[in-house]
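# Descriptive analysis of the structure
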Amino acid sequence: MQHAVGAPLPPSHRPGQHAQHGPDGAPAAPGAPGTVPPPPGAAPVPATGPSGAVPQAPGWTQPGPPHPAGPPPRDATGQVQLPPVPPPGAPEGGTGATMLAVLLIGPAGAGKTTVARHWATRRRVPTAHISLDDVREWVCSGFADPQTGWNENSEAQYRLARRTCGFAARNFLANGISCILDDAVFPDRPVVGLGGWKRHVGPGLLPVVLLPGLETVLERNAERTGNRRLADEEVAGIHGRMAGWYGSGLPIIDNTKYDVETTARVLDETLARAIASPPSW
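Rules used in this analysis
Residues numbered from 1 in each chain as written. Predicted model: local features only at pLDDT ≥ 70, side-chain atom pairs only at ≥ 80, totals over all residues. Heavy atoms only, no water. Helix = DSSP H or I, 4+ residues; strand = E, 2+ residues; numbered from the N terminus. Buried < 20%, exposed > 50% of the residue type's maximum accessible area, 1.4 Å probe, protein only. Contact = heavy atoms within 4.5 Å. Areas by Shrake-Rupley, 256 points an atom, 1.4 Å probe, with all protein chains shown as cover. Pairing = 2+ DSSP bridges. Axes fitted to C-alpha atoms, helices over the stretch in contact; angles between N-to-C directions. Parallel < 35°, antiparallel > 145°, perpendicular 65-115°, else oblique. Left-handed = near helix turned anticlockwise from the far one by under 90°. Nonpolar A, V, L, I, M, F, W, Y, C, P; charged D, E, K, R; others polar. Arc of directions from axis to C-beta. Lys, Arg positive; Asp, Glu negative; His and termini not counted. Salt bridge = Lys/Arg side-chain N within 4 Å of Asp/Glu carboxyl O. Polar contact = N/O pair within 3.5 Å; in protein donor to acceptor, adjacent residues only side chain to side chain. 1 Å grid on protein atoms, 1.4 Å probe; cavity = no way out; pocket = protein on both sides within 12 Å on 5 of 7 lines; lining within 4 Å. Points joined across faces, edges and corners; volume = space filled by probe spheres on them. Phe/Tyr/Trp six-rings, centres within 6.5 Å; stacked < 30°, edge-to-face > 60°. Lys NZ or Arg CZ within 6 Å of the ring centre and 35° of its normal.

## Some details on the overall build of the chain
Summing up its helical and strand segments, the chain has 7 helices and 5 strands in all. Put simply, the chain runs from its N terminus to its C terminus through helices and strands in the order β-α-β-α-α-β-α-β-α-α-β-α. Expressed as a percentage of the 281 residues in the chain, the buried residues total 33%. Taking all contacts inside the chain whose residues are at least 6 apart in sequence as the whole, residues at least 24 apart take part in 76%. As displayed, the chain has an accessible area near 16,500 Å², and 59% of this comes from carbon and sulfur atoms.

This is the structure we're talking about:
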């Protein structure tokens, strides 16, 4: 039998001993009038109160209706504030314990997914990493690969993945967990622009552009496998269009000569400045 957490257990009875109750449901004194001991071997019959209800054992509550009329309690929806747990050896400074929603932008081969995950892992507070490409590939049968051509199917699946990422990000943030998302957001294509991310995540989203040199991007792209590897011509075209972020007011990091650790540190410093003076976008 299970009992409510923290509540006292009902008193146990020794074998052969039965609890006796008076007419009002309270335990009757030994030998009190009106108490009839149950016959040997018979199961004890629960006593009833004046209204006919069976008295409840200490610490037990009557189950409620299967579908409560009001909104579910906070802890039933996952909206639980988690305490920050700093990982050992985490660096001080930078964004510190600030709860953030970050969008790391960059072309294929910029290293945004690797850097985003590294940054999220090294923070002193719970931080999640969400990659749009990973979410897009949740679709197995019928996956609309953008490499085969950008059409209404690939656009619809992109919008769905972005909306799913936004929902996950809001859910993490509601539970006190920061998040960083990564996507190849173009400055000249509204359908894959910042507006959708701002709409799905919220106005507090901090976008940062990761834009190394073309040669670096081509080298990193060549190390990829599967549908994540693009043709050199496509990579060069994407990289050229990403240059449109210069002059946009968004912070841009040229990580051509940085390793992952250094890029993550520069990203954290960039975000700290963005917190103090948010970019206009």
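So much for the structure itself; the text now carries on.
## Looking at the pairing of strand 3 (residues 178-183)
Within strand 3, 6 of the 6 residues are buried, leaving the element largely enclosed by the surrounding structure. In strand 3, alternate side chains face the same way, and those of Ser178, Ile180 and Asp182 on one face and Cys179, Leu181 and Asp183 on the other are all buried. As paired elements, strand 1 (residues 101-105) and strand 3 share 5 bridges and run parallel to each other. Across the sheet, residue leucine 104 finds its bridge partner in strand 3, namely aspartate 182.

## Concerning the packing of helix 1 (residues 112-122) against helix 7 (residues 260-276)
The contact between helix 1 and helix 7 brings their axes to 9 Å, and the two run at 70°. Considering the angle they form, helix 1 stands roughly perpendicular to helix 7. The two elements helix 1 and helix 7 cross, and the hand of that crossing is right-handed. Residues Thr114, Val115, His118 and Trp119 of helix 1 form the contact with helix 7, whose participating residues are Val260, Glu261, Thr263, Ala264, Leu267, Asp268 and Leu271. Of the residues contributing to the contact of helix 1 with helix 7, the split by class is 6 nonpolar, 3 polar and 2 charged.

## Some thoughts on helix 5 (residues 214-222)
Residues lying three or four places apart along an α-helix face the same way, a consequence of the helix completing one turn every 3.6 residues. All buried positions along helix 5 are accounted for by Thr216, Val217 and Asn221. All buried residues of helix 5 lie within an arc of 130° about the axis, which places them on one face of the element. In helix 5, the exposed residues that point more than 90 degrees away from the buried face are Glu215 and Glu219. The inward-facing, buried residues of helix 5 abut helix 6 (232-242).

## Focus on the packing of helix 5 against helix 6
Remark: helix 5 packs on helix 6, axes separated minimally by 10 Å, with the N-to-C direction vectors making an angle of 140°. What the angle tells us is that helix 5 and helix 6 run oblique. The handedness of the crossing between helix 5 and helix 6 comes out as right-handed. Where helix 5 abuts helix 6, its residues Leu214, Val217, Leu218 and Asn221 lie against Asp232, Val235, Ala236 and His239. For the contact of helix 5 with helix 6, the residue count by class is 5 nonpolar, 2 polar and 1 charged.

## A few points about the side chain of aspartate 183
The residue aspartate 183 is located in strand 3 in this model. With no salt bridge to any partner, buried aspartate 183 finds its closest opposite charge in arginine 162, at an N-O distance of 6.2 Å. In this structure the side chain of aspartate 183 is engaged in a polar contact, spanning 2.6 Å, whose partner is the side chain of tyrosine 158. In terms of polar contacts, aspartate 183 uses its side chain to reach the side chain of tryptophan 197, at 3.1 Å. Among residues more than four places away in sequence, those in contact with aspartate 183 are Leu103, Leu104, Ile105, Gly106, Lys112, Leu132, Tyr158 and Trp197.

## Quick word on the layout of surface pockets
Put simply, the second largest pocket is a space of about 540 Å³. In terms of lining, the second largest pocket is formed by 24 residues, of which the most central are Arg136, Pro146, Ala184, Leu230 and Ile238. Of all the secondary-structure elements, those providing two or more residues to the lining of the second largest pocket are helix 2 (132-136) and helix 6. Looking at the lining of the second largest pocket residue by residue, the class counts come to 11 nonpolar, 2 polar and 11 charged.

## What about the packing of aromatic side chains?
Scanning the entire structure with this criterion turns up 0 aromatic pairs. Its guanidinium or amino end placed over the ring of phenylalanine 186, arginine 241 lies 4.4 Å from that ring's centre, counting from NZ or CZ.

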